[in-house]
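Coordinate analysis (summary)
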Amino acid sequence: MATPATETSGAPATSSPESGRQEAASSAALLATVTEEAFRRSNEALTRATAGARGPVERVEAFFRESLRLGAEGAHRPAAALMNAGLPPACLERLTEPHREQVEPFRAAVRELGAPEPELTADLIAGMLHTALAAVESGAPLETVTRRTLALVRRCLEARDGTEGTPEGGR
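Attention here is on the structure that accompanies the text.

Scoring rules and cut-offs
Residues numbered from 1 in each chain as written. Predicted model: local features only at pLDDT ≥ 70, side-chain atom pairs only at ≥ 80, totals over all residues. Heavy atoms only, no water. Helix = DSSP H or I, 4+ residues; strand = E, 2+ residues; numbered from the N terminus. Buried < 20%, exposed > 50% of the residue type's maximum accessible area, 1.4 Å probe, protein only. Contact = heavy atoms within 4.5 Å. Areas by Shrake-Rupley, 256 points an atom, 1.4 Å probe, with all protein chains shown as cover. Salt bridge = Lys/Arg side-chain N within 4 Å of Asp/Glu carboxyl O. Axes fitted to C-alpha atoms, helices over the stretch in contact; angles between N-to-C directions. Parallel < 35°, antiparallel > 145°, perpendicular 65-115°, else oblique. Left-handed = near helix turned anticlockwise from the far one by under 90°. Nonpolar A, V, L, I, M, F, W, Y, C, P; charged D, E, K, R; others polar.

What to know about the overall build of the chain
Broken down by element type, the chain carries six helices and zero strands. For the chain, the residues scored as buried account for 33% of the 171 residues in total. Restricting the contact set of the chain to residue pairs at least 6 apart, pairs at least 24 apart contribute 66%. Of the roughly 10,400 Å² of accessible surface on the chain, 57% is carried by carbon and sulfur atoms.

With respect to the side chain of glutamate 66
Looking at the element boundaries, glutamate 66 is found in helix H2 (residues 56-72). Relative accessible area serves as the criterion here: at 12%, glutamate 66 is assigned to the buried category.

Points about the pattern of salt bridges
Taken as a whole and judged by the stated rule, the model has ten salt bridges. For arginine 54, the salt bridge identified is with glutamate 58, shortest N-O distance 3.2 Å. Classification of arginine 54 as exposed rests on a relative accessible area of 64%. The salt bridge involving arginine 111 is made with glutamate 119; its shortest N-O contact spans 3.1 Å. The partly exposed category is assigned to arginine 111, whose relative accessible area is 34%. Beyond isolated ion pairs, a larger network of salt bridges with shared partners links Glu104, Arg107, Arg111, Glu119 and Asp123.

Structural notes on the environment of glutamate 61
Positionally, glutamate 61 belongs in helix H2. For glutamate 61 and valine 153, which are 92 residues apart along the polypeptide, the C-alpha to C-alpha distance reads 7.8 Å. The residues touching glutamate 61, leaving out its near neighbours within four places in the chain, are Leu150 and Arg154.

So, the packing of helix H4 (residues 89-112) against helix H5 (residues 118-137)
The geometry of a pair of packed helices is captured by two quantities: the angle between their axes and the separation between those axes. It is the contact of H4 with H5, at a shortest axis distance of 9 Å, that shows an interaxial angle of 125°. With respect to H5, the axis of H4 lies oblique. Taken as a pair, H4 and H5 cross one another with a handedness that is right-handed. Here Phe106, Arg107, Val110 and Arg111 of H4 lie close against H5, whose contacting residues are Pro118, Glu119, Thr121, Ala122, Asp123, Ile125 and Ala126. Its residues assigned to classes, the contact of H4 with H5 comprises six nonpolar, one polar and four charged.

Here's what the structure looks like:
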């Protein structure tokens, strides 16, 4: 007995290109929503971790320490996968905003320290975090990576006289 899909040609019905695009768009939107929720949880954890920090260097250290802990738990995998999944621009924008919110406290601390070219300095230091995250995700011991990364970050944030790079020359 023929079904409506096979009545005319005898072959099963196939999806139209438009329905395929709609399905892909709705799948991408669903994935972006899941990732937004993961960002929300990570942002809350980062806010808690940096809340008790005294001064900008301690905030940066707390941010890095918590980011690495979250990375060891796999919190960064969904966002990384989605950023490389060829999502439509609207979905990518939905992911960019929570990431900006996530890194702003770190960037603000670098600016507060009076670092030269603070945006570039923050980007370069963030490169260490990305490399450290990759190391942890590849199986390097979290404690070792965290200790070494924080030592390097501290060196980047210290002024030449050994004090933090604040405009006042100290804490």
